[in-house]
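Take a look at the letters that make up each chain.
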Amino acid sequence: MNLYQENAKLSLDQLIEKRCGTGRYQILALSILVFIDLNDGCELILMSFLMPILKSEWQLTSLQIQVLTSIFYLGMVLGSLLTGFIADRKGRLKCIYISCIIQFFMANSFLVCTNFYHMIFARLGYGFVYGFSIPLTTTMISEITAPDVRGRFLIIINFFVSVGKIYAFLLAFLCLENFNQGNWRLMMMLSSITSLIVGILSMIFLMESPRYLMASGQVVNGLNVIEDIIHKNQNNTGIISKLFKSVQPEISSDPFKGSKYGYISAKERIAIEKWVTKVFRSEQRGTMKELFNKNNKSTTIRLWIIWFCINFMYFGQLLILPFILGSKKKTFVDYLTTVLGEIPSIILSLLIVEIPFFGRKNTMTISFFCATIMHIWSYYASWPYFFARFFMKECWAMLYPYSTEIFHTSNRTLGFGSSCAVGRIGAAISPYILIPLFEQEAHLPFLAFAISSIISVISTCTLPYDTVGKSLDFQNSDGEVESNKEDEIKEIMMVLIEKKNQN
């Protein structure tokens, strides 16, 4: 069997795993991009802290608080939808650094807000940029990492959302006196610094996703990015070499035309081109139509339901807890204790995410069921808050990699972004449901969370398959790309062209 036949089924995942491994570049990209999610987690907490303060300082009504809360989530809906249409057409990298820089300016726009109407525009704009940035980090990291570490890398990204919440508590501790007063403008200004830093670092150090480049027809450019990653990852030392599989680069005796370093052979290029043709043969980039084709329709609908419910629960609890704790004269430490329930769940997620028995789907099902019990219990007592956060964060940790991996590269950002957008609708309507429930009885919102958890259990149980251990771009539940006569003809033509070139 010749080398081409041995590589005939070479996929991009296999190329990344066997030639790039996991090394300096992926660690560098992760180290930069996690700060986007850190900033996202920070802003979620700060936005929830703003509401009781503005209600007290500006004498706002409950309806105005509901409007300010929902307008932020409406901005997130619009931003999450738009990012898919743009990033799946124009690339991931430009969207990352441009959104970070805009987010820096939008955070500082709060400094000039002096009334309710100014705040509406500031929160809508900030929510838009926030929603735009959310799908980008998971999409980028999923497309440059090997399958054996992808799940853990995506969970680490999600972990930094929790770290961002702790950072928000530090800012609140420095700038606010209590839940009802303090220098909230200084707090928002300090929170904007990370966005600017990430925007600058991503422009300098990161490269475009090679998978996106190949999906858009730029195979040679994509392969050169792969070679750049191989070059940066060579000679891994220290803790990186101990934690991850290192691959020593070898110069090919027959590099492909246009090769930057000569690591990838001409035959490997042919095999990858065949794979690209087979995988992306009929897909249109960034179109809703692809999300509802015969392969994606049932999964898309179920994911939208899950995202809607978990956003309603997760952000709803962030919204309502400052009011509950404030009414009981609690401190920021009490709120922090509740949020710290997220940290152990991340550790557990890192341990089980790549175990097939647990994986993404089964872990979400179990966690949603346990969250149902904890929410019902929280109606009668305060201490289960911690455990409710634990299981909700466990769901989030698994939902991130699942929602990223289930969609093809051509529509990955749109698939993830549209799920985020539908989820933010759940967050946007939460104040109109939860605040009236809170005014009727302080712990009544937790029964609404329990109902949402039950719906999520049913939706997760009926997802078609788990994505643990599967290639990013496949057509069926066995993880294989389906073939047809057209593919077979193209494959034969490629072999004939190769033999002609050799002669």
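Here the structure is a predicted model, which is why all the values come from computation and not from measurement.

1. As for the environment of Glu405
Alright, step 1. Locating Glu405 in the fold gives a position in helix H19 (residues 385-405).
Alright, step 2. Between the alpha carbons of Glu405 and Gly151 there is a distance of 9.2 Å; along the sequence they are 254 residues apart.
Alright, step 3. Among the polar contacts made by the side chain of Glu405, one reaches the side chain of Arg360 at a distance of 2.7 Å.

2. Side note on the packing of helix H5 (residues 92-108) against helix H9 (residues 193-205)
Alright, step 1. Direction vectors running N to C along H5 and H9 enclose 155°, while the axes themselves pass 7 Å from each other. The angle between H5 and H9 places the two elements in the roughly antiparallel class. Note that H5 runs across H9; the crossing there is left-handed. Counted together, Leu93, Ile96, Tyr97, Cys100, Ile101, Gln103 and Phe104 of H5 and Ser195, Leu196, Val198, Gly199, Ser202 and Met203 of H9 form the full contact between these two elements.
Alright, step 2. Of the residues in the contact of H5 with H9, the class split is nine nonpolar, four polar and no charged.

3. Focus on the nonpolar core
Alright, step 1. Ranked by internal contacts, the top residues of the largest apolar core, which has 89 residues, are Phe49, Leu54, Phe110, Trp184 and Tyr335.
Alright, step 2. The dominant element in this core, judged by the number of residues it contributes, is helix H15 (residues 297-327), at 15 residues.
Alright, step 3. Of all hydrophobic cores here, the second largest spans 50 residues; its members include Cys95, Tyr97, Leu136 and Leu154.

4. Focus: the environment of Tyr212
Alright, step 1. Assignment of secondary structure puts Tyr212 in helix H10 (residues 210-215).
Alright, step 2. Along the backbone, Tyr212 and Thr409 are 197 residues apart, and their C-alpha atoms lie at a distance of 6.4 Å.

5. Details of the packing of aromatic side chains
The relative placement of two aromatic rings is captured by the distance of their centres and the angle of their planes.
Alright, step 1. Applying the stated criterion across every chain, the model contains 26 aromatic pairs.
Alright, step 2. Measuring from ring centre to ring centre gives 5.4 Å for Phe72 and Tyr73, while their planes differ by 55°; the resulting arrangement is tilted.
Alright, step 3. Since its relative accessible area comes to 1%, Phe72 is described here as buried.
Alright, step 4. Judged by centre distance (5.2 Å) and plane angle (80°), the ring pair of Trp307 and Trp396 falls under edge-to-face. One end of the pair, Trp307, is in helix H15; the other, Trp396, is in helix H19, with 89 residues separating them in the sequence. Across this residue pair, the class does not change: Trp307 and Trp396 are buried.
Alright, step 5. One aromatic cluster is present, built from ring pairs that chain together Phe72, Tyr73, Phe110, Tyr126, Tyr130, Trp307, Tyr314, Phe315, Trp396, Tyr400 and Phe416.
Alright, step 6. The ring of Tyr314 carries the charged tip of Arg389 above its face, separated from the ring centre by 4.4 Å.

6. Things to note about the confidence of the model for the chain
Alright, step 1. Per-residue pLDDT for the chain has a mean of 81; in total, 86% of the residues score no lower than 70.
Alright, step 2. For residues 475-488, every residue scores under 50 in pLDDT, and the model assigns this stretch 25 contacts once sequence neighbours within four places are set aside.

7. A closer look at the environment of Cys100
Alright, step 1. Turning to its location among the elements, Cys100 is positioned in helix H5.
Alright, step 2. Looking at Cys100, the relative accessible area reads 2%, which means it is buried.
Alright, step 3. Residues Cys100 and Ser133, spaced 33 residues apart in sequence, show a C-alpha to C-alpha distance of 7.5 Å.
Alright, step 4. Excluding residues within four positions of it along the chain, Cys100 makes contact with Ile36, Ser195, Leu196, Val198 and Gly199.

8. Some thoughts on unusual backbone geometry
Alright, step 1. A positive phi angle, near 55°, is found at Gln59, a position not held by glycine.
Alright, step 2. Its location among the elements puts Gln59 in the loop between helix H3 (24-57) and helix H4 (62-90).
Alright, step 3. By relative accessible area, which is 64% here, Gln59 ends up exposed.

9. Re the side chain of Ser191
Alright, step 1. Positionally, Ser191 belongs in helix H8 (residues 184-191).
Alright, step 2. Overall, the relative accessible area of 0% leaves Ser191 in the buried class.

10. Let's talk about the pattern of salt bridges
Alright, step 1. Under the definition given, this model contains six salt bridges.
Alright, step 2. Asp88 is paired through a salt bridge with Arg92; the nearest N and O atoms lie 2.7 Å apart. The exposure classification of Asp88 matches that of Arg92, with both residues buried.
Alright, step 3. Between Asp228 and Lys260 there is a salt bridge, with its nearest N and O atoms 3.2 Å apart. A residue pair is termed long-range when its members are at least 10 positions apart, and Asp228 in helix H11 (residues 219-233) and Lys260 in the loop between helix H12 (238-243) and helix H13 (266-279) qualify at 32 residues.
Alright, step 4. Owing to a relative accessible area of 11%, Asp228 belongs among the buried residues under this scheme.
Alright, step 5. Residues participating in the shared-partner salt-bridge network are Asp88, Arg92, Glu143 and Arg412.

About the criteria used
Throughout this description, residue numbers start from 1 for each chain and increase along the sequence as written. Thresholds applied to this predicted model are a pLDDT of at least 70 for local features of residues and 80 or more for the giving and counting of side-chain atom pairs; totals over whole chains, interfaces and linings are not thresholded and use all residues. The side-chain figures draw on all heavy atoms in the structure; neither hydrogens nor water molecules are used. Elements are defined by DSSP. Helices are runs of H or I of four residues or more, strands are runs of E of two residues or more, and each kind is numbered from the N terminus. For this analysis, a polar contact is any N or O atom pair within 3.5 Å, provided that within protein one partner can donate a hydrogen and the other can accept it, and provided that sequence-adjacent residues contribute only side-chain to side-chain pairs. In this analysis an axis means a line fitted to C-alpha atoms, helices contributing only their contacting stretch, and an angle means the value between N-to-C directions, from 0 to 180 degrees. If an angle is under 35 degrees, it is roughly parallel; if it is over 145, roughly antiparallel; if it lies from 65 to 115, roughly perpendicular; otherwise it is oblique. Working rule for handedness: look at the near helix, and if it is turned counterclockwise from the far one by less than a right angle, call the crossing left-handed; if clockwise, right-handed. Whether two residues are in contact is decided by their heavy atoms, any of which lying within 4.5 Å being enough. Side-chain classes are defined by residue name, with Ala, Val, Leu, Ile, Met, Phe, Trp, Tyr, Cys and Pro counting as nonpolar, Asp, Glu, Lys and Arg as charged, and the others, Gly among them, as polar. Among buried residues, those of type Ala, Val, Leu, Ile, Met, Phe, Trp, Tyr and Cys that are joined through side-chain atoms within 4.5 Å constitute a nonpolar core. Residue exposure (1.4 Å probe, protein chains only): buried if accessible area is under 20% of the type maximum, exposed if over 50%, otherwise partly exposed. In this scheme Phe, Tyr and Trp rings, the latter by its six-membered ring, pair at centre separations within 6.5 Å, and the angle between planes marks the pair as stacked below 30 degrees, edge-to-face above 60, and tilted otherwise. Lysine and arginine charges are scored as sitting over a ring when NZ or CZ, respectively, is within 6 Å of the ring centre and within 35 degrees of the ring normal. As a per-residue measure, pLDDT reflects the predictor's confidence and takes values from 0 up to 100. The term salt bridge refers to a side-chain nitrogen of Lys or Arg lying within 4 Å of a carboxyl oxygen of Asp or Glu.

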